[in-house]
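What follows is each chain in one-letter form.
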Amino acid sequence: QVQVVESGGGLVQPGGSLRLSCVLSGPIFSIYISAMSWYRQAPGKQRELVATITSIGSTNYAESVKGRFTISEDNAKNTVFLQMNSLKPEDTAVYYCNADPYSGTGLPPYWGQGIQVTVSS
């Protein structure tokens, strides 16, 4: 089955950095995926889109993370990264990786289980 697995979360002090990784595995071809994204959900808040990278390498970021976060990919390894710098307490959330197939495939979006990122002194 298709799996999306995140890693790299943890506790970091304000101003620090973390790098999240997301691996897409299983019986699916990467060419079916139109975009990979990172979302986050803080306690008591709705899940929000943090960053997206499309199949052609275009990127998009939430205003709150622009200039601090960078999304990138290693296509050979079906892996997407989120480099998070200058972290703030308000970045504390569970971060989710999402793989979004092209609509013509009829496949559903795939989600990871989420990984905790805590920014605190």
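Reference entry: report on the structure contained in this document. (Residues numbered from 1 in each chain as written. Predicted model: local features only at pLDDT ≥ 70, side-chain atom pairs only at ≥ 80, totals over all residues. Heavy atoms only, no water.)

Considerations on the overall build of the protein
Across its full length, the protein carries zero helices and eleven strands. For a compact globule of 121 residues, the expected C-alpha radius of gyration is about 14 Å, and the protein comes in at 14 Å, within 12% of that figure. Counting only C-alpha atoms, the protein reaches 45 × 25 × 25 Å along its principal axes. In the protein, buried positions account for 40% of the 121 residues. Sequence-distant contacts in the protein: of pairs separated by 6 or more residues, those separated by 24 or more amount to 53%. In the structure as shown, the protein presents an accessible area of about 6500 Å², 51% of it carried by carbon and sulfur atoms. (Helix = DSSP H or I, 4+ residues; strand = E, 2+ residues; numbered from the N terminus. Rg over C-alpha atoms; globule rule 2.2 N^0.38 Å. Buried < 20%, exposed > 50% of the residue type's maximum accessible area, 1.4 Å probe, protein only. Contact = heavy atoms within 4.5 Å. Areas by Shrake-Rupley, 256 points an atom, 1.4 Å probe, with all protein chains shown as cover.)

Structural notes on the packing of aromatic side chains
Under the counting rule described, the total for this entry stands at one aromatic pair. Against the face of F81 rests R19, its NZ or CZ located 3.9 Å from the ring centre. If you follow R47 out to its NZ or CZ, it ends over the ring of Y96, 3.7 Å from the centre. (Phe/Tyr/Trp six-rings, centres within 6.5 Å; stacked < 30°, edge-to-face > 60°. Lys NZ or Arg CZ within 6 Å of the ring centre and 35° of its normal.)

Considering the nonpolar core
Soluble globular proteins tend to pack their nonpolar side chains together in the buried interior. Judged by nonpolar contacts, the single largest core of 32 residues is most densely connected at M36, W38, L82, M84 and Y95. The set of elements that each furnish at least two residues to this core consists of β3 (18–25), β4 (33–41), β5 (48–54), β7 (69–74), β8 (79–84), β9 (93–101) and β11 (115–119). (Core = buried A, V, L, I, M, F, W, Y, C linked by side-chain atoms within 4.5 Å.)

So, the pairing of β5
Bridging between β4 and β5 involves six bridges; their strand directions are antiparallel. If you follow R40 over to β5, its bridge partner there is E48. Once β4 ends, the chain turns through six residues before running back antiparallel as β5, passing G44 with a positive phi of about 75°. Of the pairings in the sheet, the one linking β5 to strand β6 (residues 59–61) comprises three bridges and is antiparallel in character. Paired with I53 across the two strands is T59, which belongs to β6. (Pairing = 2+ DSSP bridges.)

Thoughts on the side chain of S21
Looking at where S21 falls in the secondary structure, it is placed in strand β3. With a relative accessible area of 17%, S21 lands in the buried category. Every residue in contact with S21, bar those within four places of it in the chain, is listed here: V5, E6, S7, W38, V80 and F81.

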